[in-house]
Amino acid sequence: MLLSVKDLSVYRGHIRVLNNLEFTVGEGEIVAVLGANGAGKSTLVGTLAGLYPPATGEIILQDRVVLTGKPPEFVVRAGISLVPEHRQLFGGLSVYDNLILGSYHRYRRDRKELPEALENVFCLFPALREKKNKPAQTLSGGLQQMLAIGRGLMADPRLLLLDEPSMGLAPLVVREIMTTLSHLRTKGHTIILVEQNARAALRIADRAWVLERGRIALSGSAAELLQDTRVQTVYLGNSRGWSRCNQTNG
Ligand code: ATP
């Protein structure tokens, strides 16, 4: 198992945001995390990335590396990289510098590998190559998201955590990003994908969890969740209310 999480509880301030979560993630999977605002999705990926210390539980990578309570610099070295909500790029720095910063922990040890890592990112997102020397803040929203993903990949992660990569982007760009994530899976990457855009996420995911008030309220294969009536109504907007209304009026 790539990641095993047991009995994970996390507080933000005085609020217990995650409640006794238990789950595993296998190598090469894409797991989507769905849920309403405030359900605890960002807290979950932030905790896995070492940003928030758990109150209880354990986080184990590859059955042996204990990540519980370890700081982000330890976690990123161990192989987990977070592409945060709102991207959090260094807007005044160039595309190139943002990417290099993603490889900060490898800079001394694996410096020779960085040109190849950069080339891989530019192959994945060719438009970034053309903007290599431009400040990140001058890029479109879609390119900024691609840059944030590229920066995450520069850390050479075993597990990539993405927090709402589709936020604020046009449908075509969302599709491009989701296709890229699918492609990354075929290259052996493992991904936890937090998304409000449930439809886009479930199209590429293998499995999904629905978080409600810090608990996994529902889990299953992406195909199962796509068929689930509650998921359809709450997260996919397949409400039948309108058709009933139309029938009544018609
Ligand atoms: P969203 O889709 O809005 O980002 P989310 O599912 O990612 O929602 P979180 O951001 O993890 O949810 O927030 C979960 C809960 O934690 C919310 O009730 C939120 O108000 C609370 N929370 C978040 N940050 C803090 C903080 N710094 N201090 C106290 N409570 C916080």
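Small disclaimer: the values here were computed from a predicted structure and weren't measured.

A. Looking closely at helix α1 (residues 41-48). For α1, a buried count of seven out of eight residues is recorded, marking the element as mostly surrounded by other parts of the structure. All of the buried residues along α1 are Lys-41, Thr-43, Leu-44, Val-45, Gly-46, Thr-47 and Leu-48.

B. Representation of the site of the ligand. In the vicinity of the ligand lie 13 residues, with Gly-38, Gly-40, Lys-41, Ser-42 and Thr-43 positioned nearest. In the model, an oxygen atom of the ligand is placed 2.8 Å from a nitrogen or oxygen of the Ser-42 main chain. Here an oxygen atom of the ligand sits 3.1 Å away from a polar atom, N or O, in the side chain of Gln-196. For the ligand, the accessible surface in isolation is 630 Å², of which the surrounding protein chains cover 63%. If you tally residues by element for the shell around the ligand, the top one is α1, at three residues. Residues of the shell around the ligand, tallied by class, amount to three nonpolar, six polar and four charged.

C. Layout of the pattern of salt bridges. Applying the stated criterion across every chain, the model contains five salt bridges. In this structure, Arg-129 and Glu-119 form a salt bridge, with 2.8 Å as the shortest nitrogen-oxygen distance. On the criterion of sequence distance, the pair formed by Arg-129 in helix α5 (residues 126-130) and Glu-119 in helix α4 (residues 114-124) is long-range, its members being ten residues apart. Looking at Arg-129, the relative accessible area reads 37%, which means it is partly exposed. Residue classification places Glu-119 among the partly exposed residues on the basis of a relative accessible area of 35%. In this structure, Glu-212 and Arg-230 form a salt bridge, with 2.6 Å as the shortest nitrogen-oxygen distance. Of the two residues, Glu-212 sits in strand β9 (residues 207-212) while Arg-230 sits in helix α10 (residues 229-234), which places them 18 residues apart along the sequence. Given a relative accessible area of 30%, Glu-212 falls into the partly exposed group. Classification of Arg-230 by relative accessible area gives partly exposed; the value is 42%.

D. Here's a closer look at the environment of Val-5. By secondary structure assignment, the location of Val-5 is in strand β1 (residues 3-12). Expressed as a C-alpha distance, the spacing of Val-5 and Lys-187, which sit 182 residues apart in the sequence, is 24 Å. Among residues more than four places away in sequence, those in contact with Val-5 are Leu-21, Glu-22, Phe-23, Leu-48, Glu-58 and Ile-59.

Thresholds applied
One numbering rule holds for all chains: residues counted from 1, following each sequence as written. With the structure being a predicted model, the display of local features is reserved for residues of pLDDT at least 70 and the display and counting of side-chain atom pairs for 80 or more, all residues being used for whole-chain, interface and lining totals. For the side-chain quantities, the full set of heavy atoms in the structure was used; hydrogens and water were omitted. Each residue gets one of three labels from its accessible area relative to the maximum for its type: buried under 20%, exposed over 50%, partly exposed in between, using a 1.4 Å probe on protein chains only. A helix here means a DSSP run of H or I that spans at least four residues, while a strand means a run of E at least two residues long, and both kinds are numbered starting from the N terminus. Any residue with at least one heavy atom within 4 Å of a molecule or strand is counted as near it. Pairs of N or O atoms are called polar contacts if they sit within 3.5 Å, as long as, within protein, a hydrogen donor faces a hydrogen acceptor (for residues adjacent in sequence, only side-chain-to-side-chain pairs). Here, Shrake-Rupley sampling with a 1.4 Å probe gives the accessible areas, and only protein chains in the shown set may cover a residue. Charged means Asp, Glu, Lys or Arg here, nonpolar means Ala, Val, Leu, Ile, Met, Phe, Trp, Tyr, Cys or Pro, and polar covers whatever is left, Gly included. Should a side-chain nitrogen of Lys or Arg be within 4 Å of a carboxyl oxygen of Asp or Glu, the pair is scored as a salt bridge. The contact rule is simple, with two residues in contact once any of their heavy atoms fall within 4.5 Å.

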